[in-house]
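Structural description and commentary
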Amino acid sequence: MTESTAPKPSKPARFFKYLGLSILFCAILWGMFVGLGHILQPKGNSKDDGLIESRAYGFLAEPDNSIDAVFLGDSLASTGISPMRIWGDTGVTSYVCSVNGEQVSFAYTMLRDFFKTQKPRVVFLETEMLYNPFSVGKVFKQFVKDQFTVAKYHHRWKELTLEDFTGQVRYDKVSNLKGCNPKALCEPADASSYMLPSDEVELPGKLNLVFLRALADLCEENGAQFVLVATPHTRDWNYARHNGCAQIAQDLGIGFIDMNTDPVASEVGIDWTSDARDAGIHLNYHGMNKVSDWMASYLSETLGLPDHRGDQAYARWGKCLEEYEEYMAKVAKDPEKYDIPGVHMY
Amino acid sequence: MPVPTHMGPRLKERCTMDEIIEILESLKPGVDYETADNLVDSRVLDSLTILALVPELEDAFDVTIPAVEIVPANFNSAQAIDALVTRLVEEDA
Amino acid sequence: MDFSLHSYFSILYIVAFLPIVLVAYQVVAQRLRWAVLLVASYAFFWAISSKLIVFILISTVSVYLAGRKMGALFSERDAFIAQDKTRKKELKKLYQKKARLVCGLGVGFNLLLLACLKYLVFFGEVTGSLLALFGLNVPVAVPYIGVPIGISFYTLMAASYLFDIYRGTIAPDTNLGRIALFLSFFPQIMEGPICRYGQTAEQLWAGTPINKDNLYRGSVRILWGFAKKMIVADRLNLVVKPIFADYTSYDGGVVAAAAVLYTLQLYCDFSGCMDVALGTARIFGIALPENFRHPFFSRTASEFWLRWHITLGSWLRDYIFYPLSLSAPMKSLTKAARHRIGNRYGPLLAGSVTLFCVWFANGLWHGAGSQYIFFGLYYFVIILLGGLVEPLAQSVCAKLHINREGTAWRTFQWLRTLVVVFVGELFFRAEGMDAGLYMFGQLVGNFTFESFTNGAFMAIGLTFPSVTTEVVGLCLQDYAAVAAMVVIMTIVAVVEERGCCITERLAHKNLAVRWVVLYALIIAIVIFGSYGVGTAPLDPIYAQF
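Residues numbered from 1 in each chain as written. Chains lettered and ligands numbered in written order. Predicted model: local features only at pLDDT ≥ 70, side-chain atom pairs only at ≥ 80, totals over all residues.

Turning to the overall build of chain B, a few remarks are in order. Each helix and strand counted, chain B has four helices and zero strands in total. Starting at the N terminus and walking to the C terminus, you meet the elements of chain B as α-α-α-α. Put simply, chain B has 93 residues, and 28% of those count as buried. A fraction of 59% describes how many contacts in chain B between residues 6 or more apart in sequence connect residues 24 or more apart. (Helix = DSSP H or I, 4+ residues; strand = E, 2+ residues; numbered from the N terminus. Buried ≥ 20, exposed ≤ 12 C-beta atoms within 10 Å, placed from the backbone. Contact = placed C-beta atoms within 7 Å.)

Right under this line is the structure:
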């Protein structure tokens, strides 16, 4: 190897050259990821289009700024609250945006996306999420998935169509369930140690609190009220957590409704022998109806959210109600078809 | 075949080489051992053949070849084997 | 991929650990770079095995002391010889005996440590079953401490260090830090390669600065390893795992497919990990020995083991096969055998005893389980038979005018070797000896293509109850991706078999070409890799051994 006769560039010059090249390399790579992400992103909002959280993201098919309340949470939110029932009772439009087993970091992503096309007046967070621990790693993974669609949807290379390359998005699959996931199995819960009075205070974990604060800030930025709500469940809920949530709600200046304690509990009127799906973890549709009825009157009377029945722009909701009631009848008739006994829900 | 010590060194060398080639051909005939230089790498001498070769060499030249010397460099050609044997003979002396 | 540091494929390793080590290594002065590597290696070890780190420390210190003791003995001997040249032979013999004692103690201690930590439970079970044979149902309670990562690998390296000192190949190291780094170097700790002191110690110490050629070549190699693992090995897990887990539900055709797919999976996982290991080492300017040399080009089972897990094979050959075969009792056995049954079969018979030991050791090294020992002995029988049948095969082929160097014969040999390998890996992966025998029985007794024609094979997959009720398996596109990768790997293999080193050639191309290669690999991994929801990525398979 012959030595070049020109003097070698100085050390700092070489360092900056390599730094510059590295940055250029990463920039081009990032550009490729974004481009590929656009191609791989599902172009529709249904499960068939490949959207992973299609139930939660069903709101994409709804007209902009048409939903007045949104419920965030994990599986407790989707089995406990039925937006369609709320509509049927009081004409208030709402949506459940939840994914089973997800953490509050996901709720933040969810809400951020929700605010892009909707202007709800109130945001509810089911409190179970606050007590699910998770690691920094999960946050990092969530962040990567949010930023890099190409990583989240890379598997769609197997099902790419021409549509994916033209980039036209068609969110048109309007859901009749509006994000809820009603269950019909019944396994009575043991309510003997349910909500035993206690003075203990169990605050949510540090990481959960970080995201809770972020959610509260996000709601404030978007002019929405933020309310914590604990739907009825005997397992994983107790007075210590009630006290914890009450305290944190006070600190943050947000609302807190606990359906496990009076006065709300009696108003909702859960019967633990008939309304529980799996011994107290989730409610079945009987419990869901009771919770939704209470929530409907809360939204309409206490919060004063508008009744959109009769409004031509919301005619679609009326149609959905009919189909929803047909679906609920099927679920009631054949519980095992729409659920798997004993298995943790999907 | 003991090597007569009154012969000149060149002739002594030739006798050792011839003997080595003879031994190799008796174990694995049909290879040109005069010129081949990758006996181990091309698997002409696999581990079992080497296992047969070593006692023969030890008998013929009255040396002990320790396991540590069983490396491709020492067995890849008849010349390499010759060098090995010569060295071991000198060391023992 | 998880956020905890548990392998070379965890996110934390790639985005945090490795970059930090690279930067620290480069900015520190040359004479201190070994310290960076040592600290990094022990940090990595701690992250995976935490308190069990004490065992690698014990091994390191024991080996250091034994090495120095032998060095002292040899110096003493040389001093005596210098004084009195006539006693050279007897002094040599005397001190050889003393050194042998020290070496034996050192190696024995470390092997005992390995046996206790890794094999005690297995030995307990074996003892229990043996006792049960005699009607004694004594529960053999065995303490389980845990298995430090890489113990199977670094123990062999420690033993080779002591053996090499005993044989005079290397001088003992007076630097404990260098020995510690030699044994614990983080790219090699999880799955090897099993290095010799003479090969790597000097390089590890040199503190070669990171230059752009090494950085590029190493990065390409690392990405190539990731591609193999994530595109092929992880993907195939969706089919391989359920078949082996639920082995009674599948016919011979499916079992055959499982054997083939598992072998492919194992190769991509293990050699992919080796690519990551060697690529990482290359960035630091360290050349670790290769562990694979296109094993699927082999024409015989013996050749296969010269191309697969090369460093294990050479360790067994250099430290068990040759020393045992050339030991005094074995030599007299060989001599007697040659007299009795001729020049061909004599050495073979004697060799078969050591061959048995080698293959038993190979099998046992892989794991504390009867199917691993079976795996080793399976190859013992195959290779021994090969040796025995060789002259017969030669004469038959001569009579039938079959050209043994011709394409037809070589293809036959190649296919035959593949079948031998696939069957061997079937037993290796099966969940125990019973499962292995059952599956083999299905393979030969119930072989049918039915499952491929009626769609049953394509329906095989894993369930992820928390995500979906459906079974997630592989579709045609998945197999296409695997096939494409296999084609690319074959092309690379053919090119490299001809002696061309691809990464070296690439390093000399211009910027555009170099970057295109990097982009192609990264994009391929991100898009075609098997990760995320509904996938079952593998933990590196050989890390459990």
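Now that the structure has been shown, we can carry on.
Take the sheet that holds strand β4 (residues 225–230) of chain A next. All names here are of chain A. Reading across from one edge, β2-β1-β3-β4-β5 is the order of the five strands in this open sheet, with parallel pairing throughout. The open sheet has two free edges, formed respectively by β2 (94–98) and β5 (255–258), since each of these has just one partner strand. Geometrically, the sheet is characterised by an average inter-axis angle of 20° between neighbouring strands, direction not taken into account. Relative to β4, strand β3 (residues 122–126) is paired through five bridges, and the arrangement is parallel. Across the sheet, the residue bridging to Glu126 is Val229, located in β4. Here helix α9 (residues 239–252) sits on the sheet and contacts β4 and β5; the angle it forms with β5, its principal contact strand, is near 160°. (Pairing = 2+ DSSP bridges. Axes fitted to C-alpha atoms, helices over the stretch in contact; angles between N-to-C directions.)

Attention now moves to the packing of helix α1 (residues 11–27) of chain C against helix α2 (residues 33–49) of chain C. In a pair of packed helices, the angle between the axes and the distance between the axes together describe the arrangement. All names here are of chain C. Running from N to C, α1 and α2 point in directions that differ by 160°, and their axes come no closer than 8 Å. As far as their axial angle goes, α2 and α1 are roughly antiparallel. The element α1 and its partner α2 pack so that their crossing is right-handed. Contacts between α1 and α2 pair Val21, Ala24 and Tyr25 from the former with Arg33, Val36, Leu37 and Ala40 from the latter. Here the contact of α1 with α2 is built from residues that sort into six nonpolar, no polar and one charged. (Parallel < 35°, antiparallel > 145°, perpendicular 65-115°, else oblique. Left-handed = near helix turned anticlockwise from the far one by under 90°. Nonpolar A, V, L, I, M, F, W, Y, C, P; charged D, E, K, R; others polar.)

Chain C puts 17 residues into the contact, and the matching count from chain B is ten residues. Of all the secondary-structure elements, those providing two or more residues to the side of chain C that touches chain B are α12 (310–325) and α13 (328–366) of chain C. Looking at the side of chain C that touches chain B, the element that brings in the most residues is α13 of chain C, giving seven residues. For the side of chain C that touches chain B, the residue count by class is six nonpolar, seven polar and four charged.

Once that is clear, we can look at the domain arrangement of chain C. By a widely used convention, the size of an interface equals the accessible area lost when the partners come together. All names here are of chain C. When cut into domains, chain C gives domain 1 (11–208), domain 2 (210–251 + 264–288 + 457–545) and domain 3 (301–431). Here the C-alpha centre of domain 2 lies 31 Å away from the C-alpha centre of domain 1. Facing 17 residues of domain 1, the contacting portion of domain 2 comprises 17 residues. Mapped onto the side of domain 1 that touches domain 2, the elements with two or more residues apiece are α1, α7 (186–189) and α8 (197–206). Tallied by class, the residues present in the side of domain 1 that touches domain 2 amount to ten nonpolar, six polar and one charged. (Domains from an automatic or database assignment.)

Attention now goes to the arrangement of the chains. If you rank the two pairs of chains in contact by how many contacts each has, first place goes to chains A and C. No interface is formed between chain A and chain B, the nearest pair of C-alpha atoms being 29 Å apart.

Attention now moves to the packing of helix α9 (residues 212–245) of chain C against helix α10 (residues 252–283) of chain C. Residues and elements named next belong to chain C. The interhelical angle for the contact between α9 and α10, taken along N-to-C directions, is 155°, at an axis separation of 7 Å. With respect to α10, the element α9 is oriented roughly antiparallel. Two packed elements cross with a definite hand, and for α9 against α10 that hand is left-handed. Looking at side-chain class alone, the contact of α9 with α10 contains 21 nonpolar, ten polar and seven charged residues.

Okay, the pairing of β3 of chain A next. Residues and elements named next belong to chain A. Burial analysis of β3 places four of its five residues in the buried class, which makes it a mostly covered element. Strand direction decides the pairing type here: strand β1 (residues 69–73) and β3, joined by four bridges, are parallel. Bridged to Ala69 within β3 is Val122.

Residue and element names in this part refer to chain A. Spanning 16 residues, helix α8 (residues 206–221) covers 23 Å between terminal C-alpha atoms, matching the ideal 22 Å at 1.5 Å per step. Inspection of α8 places Asn208, Phe211, Leu212, Leu215, Ala216 and Cys219 among the buried residues, and these make up the whole buried set. Down the axis, α8 shows its buried residues gathered within 145° of arc, on one side only. Away from the buried face of α8 by more than 90 degrees, exposed residues Lys206, Asp217 and Glu221 are located. Looking at the buried positions of α8, the neighbouring elements they touch are α4 (104–117), β3, β4 and α9. Just past α8, the residue Gly223 takes up positive phi, approximately 65°. (Expected span 1.5 Å × (residues − 1). Arc of directions from axis to C-beta.)

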